[in-house]
2 protein chains.
Amino acid sequence: METTSRLLERQGYHGTGLNQIVRESGAPRGSLYYYFPEGKEALVAAAIAEQGDRMRRFASTILSEIEDAVEAVDRVVERLIEFFSVSEHCGGAPLAAVALETSASSTRLRTTCADAYKGLIDAFAQKLTQAGYPLQQAQALATTVVASIEGAVILSRTQQSTSPMEQVRAALRTLLTQARAERQG
Amino acid sequence: METTSRLLERQGYHGTGLNQIVRESGAPRGSLYYYFPEGKEALVAAAIAEQGDRMRRFASTILSEIEDAVEAVDRVVERLIEFFSVSEHCGGAPLAAVALETSASSTRLRTTCADAYKGLIDAFAQKLTQAGYPLQQAQALATTVVASIEGAVILSRTQQSTSPMEQVRAALRTLLTQARAERQG
DNA sequence: GTCTATATAGAGATAGAC
DNA sequence: GTCTATCTCTATATAGAC
């Protein structure tokens, strides 16, 4: 499943074959349909759900370590940029490709992706709410944080540069600071 | 190529077969390799480039019709939300799936996507620059606009709801207004 | 320019031995 | 639980007639 997640991230659902997964993971070919009798879709759904959890924990951990909400979110983005740099410009958006490819064809994968994203958004929203942002605004800002990160990864991957992610990072600082000012004013 | 673009948008590169393209478009099967001797990759590259142009023209037209920059950008997003609603929750990010799937495997498709995105970002950056935003800030904001839209489409598609796009729309208003205030202050 | 037929490879999935 | 062999389907691409 680790291999599955990694391949999905850079090749998407249809671009990732079971043969390749078996080959690169070294997992026994015969076990695949023993543990996932429903086949590829079930395997991918499990991998996606696991990745969603990983993303949420990654964000939650950092958000809990830094008290100031703006600084905490900024630190998450900074860490993502670091991760992107060392992953040969391919990391940071493990769900996006699958979400786009399958949202129209597989309810199961679509909802799995939706749940994963919701968990991640909630992690940010919770932090912002605790920091005093009004509930509705916190939710919208959290959604925007996740959306702009996902989009920034797309741009950074196509350009093979961290520049888009850096630019979005700066913009998110401005946005969250501004929202805080409105709240306080 | 119209059919190709449409299928790419909702199925991605590997999920879209030449058979399906030929079948749904009604285009003569024999012509495909006459006009695109290099095969699928060349056809997709052409479709992507065309879509990039379409996106840029779409944005440029609206941006030129409304003088105020914040209102103009907001109108673009509003129109995208309308388009998303009537496209059975599958429209709005015609390049994203291909960009993610192929950025690691095909230099040709990656750079084609990069150029398309750059053209779109430039359209926004030009508008913001003309409105008086400093050059560097305009570039960063334009990148953030495009990134957050792409990300919002991903979220809206997985959730089958316009809500993420609406939330991002509101956030972009806040962001651009704040940046303007900083510039004026 | 467009047709049909086909080559070749790979996909996902299954069967039955062990 | 895991193996190998194989089924069927579809993929991209090509050949050669018209």
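Bear in mind that the values here come from a model prediction, so they are computed numbers and not experimental data.

Student: What's the story with the interface of chain A and chain B in this structure? I'm lost.
Tutor: It is common to give the size of an interface as the accessible area lost on bringing the parts into contact. Taken residue by residue, the interface counts 43 residues in chain A and 43 residues in chain B. Approximately 3,700 Å² of surface area, both sides summed, lies buried where chain A meets chain B, with 70% of it carried by carbon and sulfur atoms. At the junction of chain A with chain B, the criterion picks out 0 salt bridges. For the pair chain A and chain B, the number of links is 10 residue pairs in polar contact (both at pLDDT 80 or more). Secondary-structure elements contributing two or more residues to the side of chain A that touches chain B are helix 1 (2-11), helix 6 (96-102), helix 7 (107-130), helix 8 (135-159) and helix 9 (163-184) of chain A. Per-element tally for the side of chain A that touches chain B: the top contributor is helix 8 of chain A, with 15 residues. Here the side of chain A that touches chain B is composed, by residue class, of 20 nonpolar, 16 polar and 7 charged.

Student: Would you mind going over the protein's contact with DNA strand D with me for this structure?
Tutor: Residues in contact with DNA strand D amount to 13 residues; listed here are only the nearest, Pro28 and Ser31 of chain A together with Leu18, Asn19 and Tyr33 of chain B. Sugar and phosphate atoms represent 76% of those atoms of DNA strand D found within 4 Å of the protein. Tyrosine 33 of chain B is positioned such that a nitrogen or oxygen atom in its side chain is 2.8 Å from a phosphate oxygen of DNA strand D. Elements with a minimum of two residues in the surface near DNA strand D: helix 3 (29-35) of chain A together with helix 2 (18-25) of chain B. Among the elements that take part in the surface near DNA strand D, helix 3 of chain A stands out by supplying 5 residues, more than any other. Considering only residue class, the surface near DNA strand D consists of 5 nonpolar, 6 polar and 2 charged.

Student: I keep staring at the relation of the copies chain A and chain B and nothing clicks. Help me out?
Tutor: With an RMSD of 0.0 Å, the fit of chain A onto chain B corresponds to turning through 180° and sliding 0.0 Å along the axis. In the structure described here, the two chain copies are related by an operation that fits a two-fold rotation axis. It is serine 148 of chain A whose C-alpha, among those of chain A, lies nearest the rotation axis, at 1.9 Å. An overlap of 100% is found between the interface residues of chain A and their copies at the interface of chain B, pointing to a shared contact surface.

Student: Can you help me understand the protein's contact with DNA strand C in this one?
Tutor: Leu18, Asn19, Tyr33 and Lys40 of chain A together with Pro28 of chain B are the nearest of the 13 residues found near DNA strand C. In DNA strand C, atoms within 4 Å of the protein come 77% from sugar and phosphate. A distance of 2.8 Å separates a phosphate oxygen of DNA strand C from a polar side-chain atom of tyrosine 33 of chain A. Between serine 31 of chain B and DNA strand C, the recorded distance is 2.8 Å, taken from a side-chain N or O atom to a phosphate oxygen. Secondary structure elements with two or more residues in the surface near DNA strand C: helix 2 (18-25) of chain A together with helix 3 (29-35) of chain B. Here the surface near DNA strand C takes 5 residues from helix 3 of chain B, the largest share from any one element. Residues of the surface near DNA strand C, tallied by class, amount to 5 nonpolar, 6 polar and 2 charged.

Student: Even after reading the chapter, I still don't get helix 5 (residues 69-86) of chain A, so can you show me in this structure?
Tutor: At 3.6 residues per turn, the α-helix brings residues three or four places apart onto the same side. All names here are of chain A. In this model, helix 5 (18 residues) spans 26 Å end to end at C-alpha, consistent with the 26 Å of a helix rising 1.5 Å per residue. Along helix 5, the residues that are buried comprise Ala69, Val70, Ala72, Val73, Asp74, Val76, Val77, Leu80, Ile81 and Phe84. Where helix 5 is buried, its residues meet helix 4 (40-65), helix 7, helix 8 and helix 9. Capping the start of helix 5 is the job of one residue whose side-chain oxygen sits 3.2 Å from the backbone nitrogen of valine 70: aspartate 68. Two residues or fewer after helix 5 comes glutamate 88, characterised by a positive phi angle close to 55°.

What counts as what
Residues numbered from 1 in each chain as written. Chains lettered and ligands numbered in written order. Predicted model: local features only at pLDDT ≥ 70, side-chain atom pairs only at ≥ 80, totals over all residues. Heavy atoms only, no water. Contact = heavy atoms within 4.5 Å. Buried area = accessible area lost by both parts, 1.4 Å probe. Salt bridge = Lys/Arg side-chain N within 4 Å of Asp/Glu carboxyl O. Polar contact = N/O pair within 3.5 Å; in protein donor to acceptor, adjacent residues only side chain to side chain. Helix = DSSP H or I, 4+ residues; strand = E, 2+ residues; numbered from the N terminus. Nonpolar A, V, L, I, M, F, W, Y, C, P; charged D, E, K, R; others polar. Near = heavy atom within 4 Å. Least-squares fit on C-alpha atoms with pLDDT ≥ 70 in both. Expected span 1.5 Å × (residues − 1). Buried < 20%, exposed > 50% of the residue type's maximum accessible area, 1.4 Å probe, protein only.

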